[in-house]
Amino acid sequence: MNDGAVRTAERVLDLFQGARLTPTQRRIAHSLVQHAPSAAYLSAAEVAELAGVSQPSVTRFAMALGYSGYPALRRELRALAGPRPADGRQPGDNPMQRAVRVEAQHLGRLVEQLDNLDAVQRAAELLVASRPLPVLGLRAAAPLAAYFGYFAAKVHPDVRVLDTGGTHLLDRLDQARAAGGAALLAIVLPRYPKETLDTLREARAAGLAVVAVTDSAVSPAAECADVVLPAAVGTHLVFDLHTGPMAMAMVLLQAMCDAAPGGVQHRLEQFEATAARRHIFEA
């Protein structure tokens, strides 16, 4: 996306804020946001194919938003998108440059989003108070869950990274809850593993508050979360770029440090003293 496309995506996302959508409708909304500049010029059948749903689902989605049907919603989308966009490339850009340029635009959007820190601060308060703190991230999200968990363990006394699935995953979640855990941080990235979403539902049923770092406010994870912290994912390369979600995760960790009722500095000093005694680092 170029700058105009990013602004269009923001305006399209505003259409869905506060709407109570089914999982199928969230998938449609997510597709419209991700392809905002071009989606406004697609038919209902083309939107259905893009989102992987049926054409009647697209019609019901439009009506759930208060429109008479998809044509009325498309007129609204076109008004937001303006003239049919070009491909957004800048002169001389190669595909790698375009992908990184879009990623920089995603970060710019995140900067604007963080002008209001209410959601981040609420999430931080929930997570810092949870003992232990389970951090869920499966498949593509597993490295980011491990990255967050590595640093969070330096300021939180009991961080448990849940980065492998299988039959023991829910057992580990149950153990965290039984040990006193009150909240779960979930990092949920496309293509949204079913096991992740099932685990979020189990967490909610067990009474855990769920904080989700995900790629969009209308991602499937939003349905299961108490607090959603969206950060866009780059999709212009063969495999997604997760710069935005990583930045959001580290912003959240900073907010946790700020929200901690004392002891963070002491824990950091303890770690540094231990690292020096054990000669963990060269410098």
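The structure this text deals with has already been given above.
Computed from a predicted model, the values in this text were never measured in an experiment.

Caption draft 1: Inspection of a nonpolar patch on the surface at higher detail. There is a patch of nonpolar side chains on the surface, built from Tyr-147, Tyr-150, Phe-151, Met-246, Ile-280 and Phe-281 and spanning about 550 Å² of accessible area. Of note, Tyr-147 is situated in helix H9 (residues 142-152).

Caption draft 2: Fine view of unusual backbone geometry. Omega for the peptide link from Arg-131 to Pro-132 comes to 0 degrees, which places this bond in the cis form. In this fold, Pro-132 is placed in the loop between helix H8 (118-128) and strand E1 (133-136). Cis geometry is found at the peptide bond from Pro-190 to Arg-191, where omega equals 20 degrees. Along the polypeptide, Arg-191 turns up in the loop between strand E3 (183-188) and helix H11 (194-205). You will see that Arg-139, though not glycine, has its phi angle at about 55 degrees, which is positive. Structurally, Arg-139 can be placed in the loop between E1 and H9. Note on Arg-139: relative accessible area 71%, which makes it exposed. Positioned with a positive phi, Tyr-192 is a non-glycine residue whose angle comes to about 55 degrees. Relative to the helices and strands, Tyr-192 resides in the loop between E3 and H11. Exposure remark for Tyr-192: the relative accessible area of 16% places this residue in the buried category.

Caption draft 3: Focus on the pattern of salt bridges. Scanning the model with the defined rule gives four salt bridges in all. Asp-198 is the salt-bridge partner of Arg-201, the closest N and O atoms lying 2.9 Å from each other. Highlighted residues: Arg-201 and Asp-198, both in helix H11, separated by three residues, approximately one helical turn. One salt bridge in this structure joins Arg-204 and Asp-226, with 3.8 Å as the shortest N-O distance. Of this pair, Arg-204 sits in helix H11 while Asp-226 sits in the loop between strand E4 (209-214) and strand E5 (227-230), and the two are 22 residues apart along the sequence. By relative accessible area, Arg-204 is classed as partly exposed at 35%.

Reading the values: rules and limits
- Within each chain, residue numbers correspond to sequence positions counted from 1 in written order.
- Only residues with pLDDT of 70 or above have their local features reported here, since the model is predicted, and side-chain atom pairs are shown and tallied only from 80 upward, although totals for entire chains, interfaces and linings are computed over all residues.
- Excluding hydrogens and water, the side-chain values take into account all heavy atoms of the structure.
- Here a patch means residues that are over 30% exposed by relative accessible area and free of salt bridges, tied together within 9 Å if like-charged and within 5 Å if nonpolar (Val, Leu, Ile, Met, Phe, Trp, Tyr).
- Method for areas: the Shrake-Rupley scheme with a 1.4 Å probe, in which residue coverage is limited to the protein chains shown.
- A pairing counts as a salt bridge when a side-chain nitrogen of Lys or Arg comes within 4 Å of a carboxyl oxygen of Asp or Glu.
- A run of DSSP states H or I qualifies as a helix once it reaches four residues; a run of E qualifies as a strand once it reaches two. Both are numbered from the N-terminal end.
- Per-residue accessibility, obtained with a 1.4 Å probe over protein chains only, is compared with the maximum for each type, and a residue is labelled buried under 20%, exposed over 50%, and partly exposed between these values.

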